[in-house]
Amino acid sequence: DAGVIQSPRHEVTEMGQEVTLRCKPISGHNSLFWYRQTMMRGLELLIYFNNNVPIDDSGMPEDRFSAKMPNASFSTLKIQPSEPRDSAVYFCASNPGSGNQPQHFGDGTRLSIL
Amino acid sequence: SQQGEEDPQALSIQEGENATMNCSYKTSINNLQWYRQNSGRGLVHLILIRSNEREKHSGRLRVTLDTSKKSSSLLITASRAADTASYFCATDALGKSNFGNEKLTFGTGTRLTIIP
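So, here's what we can say about the structure. (Residues numbered from 1 in each chain as written. Chains lettered and ligands numbered in written order. Predicted model: local features only at pLDDT ≥ 70, side-chain atom pairs only at ≥ 80, totals over all residues. Heavy atoms only, no water.)

## Quick look at the overall build of chain B
No. 1: If you tally the helices and strands in chain B, you get zero helices and 11 strands.
No. 2: Moving toward the C terminus, one meets the helices and strands of chain B in the order β-β-β-β-β-β-β-β-β-β-β.
No. 3: In terms of C-alpha radius of gyration, chain B reaches 14 Å, essentially the compact-globule figure of 13 Å for 116 residues.
No. 4: Overall, chain B is about 45 × 30 × 20 Å in size when its C-alpha atoms are taken along their principal axes.
No. 5: Expressed as a percentage of the 116 residues in chain B, the buried residues total 47%. (Helix = DSSP H or I, 4+ residues; strand = E, 2+ residues; numbered from the N terminus. Rg over C-alpha atoms; globule rule 2.2 N^0.38 Å. Buried < 20%, exposed > 50% of the residue type's maximum accessible area, 1.4 Å probe, protein only.)

Next up, the structure:
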């Protein structure tokens, strides 16, 4: 079975540019999560969706960050405008959305803002 | 602040030896999980232990949970070179998740190196 698929795997762009990260969750999973991983702050939950509806976005750092889930098989995380301090690895994860089910992670997008 | 703190931060052992990593957390939990992360990859779920369980086994993995001390340990027996990775504990705080296991807080991780 295909796991969580993220694209691109690497992104290098200049500050001020818009960045869009993409995620395809595991089919049948109802919850989708966006995380950010840095050396300084570790793994932080940014936002999560259940049945395509944003449930908790309290981890989104600023208004420059936005996330959407237009359907059950696709989500985006957008940063506009990007800043060097946004450089990190961004992970998407999914789980069935009920019970004590583990989260399944994609391999992440390594984002570098110059 | 971090809910989970792993100890030690880094651990190097010889292949075949046992590796023990510890995790402490601060609040009451529904469950505690351990994940592995290989370099350049996403996290992979290893094992979940519920708050009413004290010990759980899965293959070469043994997890213990002491809710009175708010701590957990992960033991990997007969380590292999392929076990080289970072290991994270994650807690699902009591009363935080609406649907089940979504408001996870990850610890800072233990970087395990197995020397062949």
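## Things to note about unusual backbone geometry
No. 1: That bond from Ser7 of chain A to Pro8 of chain A is cis: its omega, -10°, falls within 30 degrees of zero.
No. 2: Relative to the helices and strands, Pro8 of chain A resides in the loop between strand 1 (5–7) and strand 2 (10–13).
No. 3: Residue Asp7 of chain B is joined to Pro8 of chain B through a cis peptide bond whose omega torsion reads 0°.
No. 4: Along the chain, Pro8 of chain B falls in the loop between strand 1 (5–7) and strand 2 (10–14).
No. 5: For Asn51 of chain A, which is not a glycine, the phi torsion comes out positive at approximately 50°.
No. 6: Summarising the element assignment, Asn51 of chain A is placed in the loop between strand 5 (42–50) and strand 6 (53–56).
No. 7: The backbone of Ala78 of chain B sits at a positive phi, close to 45°, despite the residue not being glycine.
No. 8: When you line up the elements, Ala78 of chain B lands in the loop between strand 8 (71–76) and strand 9 (85–93).

## Brief notes about the pairing of strand 3 (residues 19–24) of chain A
No. 1: Where strand 1 of chain A lies against strand 3 of chain A, three bridges are found, and the strand directions are antiparallel. Bridge assignment links Ile5 of chain A to a residue of strand 3 of chain A, and that residue is Lys24 of chain A. (Pairing = 2+ DSSP bridges.)

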